[in-house]
Each structure stands twice: as structure tokens, then as C-alpha cells.
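Fold and contact review
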Amino acid sequence: MNAREFVGRLDRGEVIGSLDVWVKRERDATAVIVAHLVVLERERIHIDMGYASLFSYCTERLGYSRDAAYKRIRAARAAEDHPEVIDHLESGELSLSGVLALAKHLTGGEVGKELLEASRKKSTREIEAMVATEVRTLPRSGSGPRKSGTVRWAARFPDANSPRGELRMKAVGDELVRIEMVVATSVAEKLERARDIDRHRNPSGDIEPILDEALDLFVAGVEKRKHAVVDAPRARNEEIETETVPAAVRRAVHDRDGGRCTFEGTERVCGEQAFVEFDHVQSRARGGEHSEENGAELCGVHNRRKAELEMGTDAIDRGRARTQTERDLLSAMVNLGYRRPEARARTREALDKLGPDSSLESLC
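Residues numbered from 1 in each chain as written. Predicted model: local features only at pLDDT ≥ 70, side-chain atom pairs only at ≥ 80, totals over all residues. Heavy atoms only, no water.

A closer look at helix α12 (residues 207–227)
Its 21 residues place the ends of α12 29 Å apart at the C-alpha level, agreeing with the 30 Å of an ideal helix rising 1.5 Å per residue. Structurally, the start of α12 carries an N-cap: the backbone nitrogen of glutamate 208 is 3.3 Å from a side-chain oxygen of aspartate 206. In the segment just after α12, alanine 228 is the residue with positive phi, at about 60°. (Helix = DSSP H or I, 4+ residues; strand = E, 2+ residues; numbered from the N terminus. Expected span 1.5 Å × (residues − 1). Polar contact = N/O pair within 3.5 Å; in protein donor to acceptor, adjacent residues only side chain to side chain.)

What about the environment of phenylalanine 263?
Take phenylalanine 263: it is sitting in the loop between α13 (247–257) and β5 (276–280). Here the alpha-carbon distance between phenylalanine 263 and asparagine 303, two residues 40 residues apart in the chain, equals 8.2 Å. What phenylalanine 263 contacts, discounting residues up to four positions off in sequence, is Ile47, Asp48, Gly50, Arg268, Val269, Cys270, Leu298 and His302. (Contact = heavy atoms within 4.5 Å.)

Here we look at the pairing of strand β4 (residues 176–181)
Alignment of strand β3 (residues 167–173) against β4, held across six bridges, turns out to be antiparallel. Bridge assignment links lysine 170 to a residue of β4, and that residue is arginine 178. In sequence, β3 turns back onto β4 through a hairpin of two residues, with glutamate 175 there showing a positive phi of about 60°. (Pairing = 2+ DSSP bridges.)

With respect to the packing of aromatic side chains
Under the definition given, this model contains one aromatic pair. Between tyrosine 51 and tyrosine 57, the ring centres sit 5.3 Å apart and the planes meet at 85°, which makes this aromatic pair edge-to-face. Like tyrosine 51, the residue tyrosine 57 is buried in the burial classification. Between arginine 25 and the ring centre of tryptophan 22, over which it is positioned, the NZ or CZ distance is 4.5 Å. (Phe/Tyr/Trp six-rings, centres within 6.5 Å; stacked < 30°, edge-to-face > 60°. Buried < 20%, exposed > 50% of the residue type's maximum accessible area, 1.4 Å probe, protein only. Lys NZ or Arg CZ within 6 Å of the ring centre and 35° of its normal.)

Here it is as C-alpha cells:
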């Protein structure tokens, strides 16, 4: 029986009791879904399926809205450190919105447990007020002189009311979107300066054409830097083998793959456009060459996952550690007065002599 048929069979006397039952089931289902998301992210199951993030999995596969997905993911991440979050959701002592208000403040250990305990049976508005209040007296569990006391939330959460960098977009009409965000004063000043110097062609000071032109320039700059996208590309000299991927190769792969991740998961091709980077199909360590045929675009998540599947997590961890050691040593030699090309050559020479497991400490 579907919901519409169910409504048709309800009479006045059954509504309240039936609704209580279904609300309890909804809470149970929410808690179970959050628990599933905890395991899904911990085991990275969605990545192997072809989703670059848990967010894309929730919106594209499970069909949640962006807001609904965001709330459940934040709740799952809070529950990873504090499993009692799931119990509070199931009992109704915390809502998803309440958990969202707490999520960025739920540090590990006793602080997080104390904050969770203080938030039980409170509304979202009350929780938001609590974490934003400079000084708030909260009950403490246990006995003795510390049974009650003063907790200074503002010292722990100094930016509770400043969602800097958070971007909110809402469709308001045909091809129109409302944008809201909080930025630094310096950014606002640049925007005002841009309006002032553009008044000769934009007397009203309309922000849209300024943002449109600025974003065009920004995207073009990033495309040139990351993917070598230029109006008049130079021909590649095939006879010269370079250490870095030639611009012509990066450009050809970007044109072919369209700036989307091509990782083939167990369920789908990823298709993510964020954090996309060049990858060698056959790694350089295994003899892979710089070529369009041996190149592909992968998002950062699937680039790392591909490397883990091919080489193992231990090898990847060692490689990252060696890369960090090389960066630290290079920086130290430059600070000592070496020119960067010489510093780079001496750094690699030293690391090659010490072997793959070398660290900066072993050089001291």
C-alpha cells in the first residue's frame, strides 16, 4: 500500500497514534542511514564505486538534495568520533539540524562529550545560541565540587557566527541564482574598488558584469596553468624528453577528457570536475611515457586511490614521506644560500644515496 492509499484509509481517531509511530520510524531510519554513511566513508566504498566524494554519492545516487546530503554527512562525521550522536538521533534528543549546528565544534575527548550532553533535548536555535555565547553555565555529570561549573564556549569556538567562505546559492528564476557569502573585509574593499573604477561603463555599479569578467580571467588563468590551455600553443619537440609533463600533452588530454575524472568505478565513471589533475595510465615508475595515450584526467581522490590499488598504501605513504623530506631539504638549502637548481640537484643526490626510506632526521 502506497502513502496515498494509506492516507485514504486513516480516520480521525487513528491519525495521532499512527503519526507517532511513523515519526519514531523516521528517527530510527535517520539514525540507521547516518550509521551506514559512517561505514561507507570509513571504508571508502563510494570511491571504488566511482564517486569522488560522499556528497556526490548522496546527491547523485541516493537522490538527496544538497542540503539534506550535507546534514547527513556532517552527522556521520560527527558520529565517527562520537557514536552517541546516533543514539541521540534515534531517541529524538537531537535533530539533524542540531547536529549540524554542533558538528564543527565536536572535538574529540571530553570537550565533545560535554557539548553533546549539554545539547540534548535542545532546539537547534538553543544549540546555536549556546555555542555562540561567550560564557554559559552548564551542568556537569558526576558528583563533587565539579558537579556544576562555567564553560567558556567562545574561547573554544571563536568563529561560531562567522561562516567565512561559505557559499549559498539559490535559484530565484529562469537562469537566475541568488548568491550569499561572508568574505574578509579586504575582499569587500577590492569589490568596491572594482565598482568605482568601472563606473564609466557601468554607472549603476552592477556587480554581475564585474564578477563575470573577473571569473572569466580567473578560469582562463587556472586553465593555462593546470592544463596548458592557450590561444596559440607552441608545437611540442618530440625529441626532447622532459621530467615534467609537456604542455602539449596536458592540453591534448584535457581536451579529450573534458576536465572530468575518468576513473571507472564498480558502478560508474566518476566524472568529477573538482580537483582534476593529470595522471599517467602506466606510472612513470613502471616505464610510462609522457603521451596523450598514456595520460588521463583523474580527480585527486581517484588519483590517490588508483595509486593505492597499483602500489599499495605502504608504498604510497613512503612516497609521500619522501616527497615531504625532499621539499623540506630543498627549502633548507635555499635558505642557506644555494640557488634553486643546485639545491634541487644536491637534494636528490643526497636522497638517492640514503635510499627510499630516508628522512630529514637521517641527514642531520
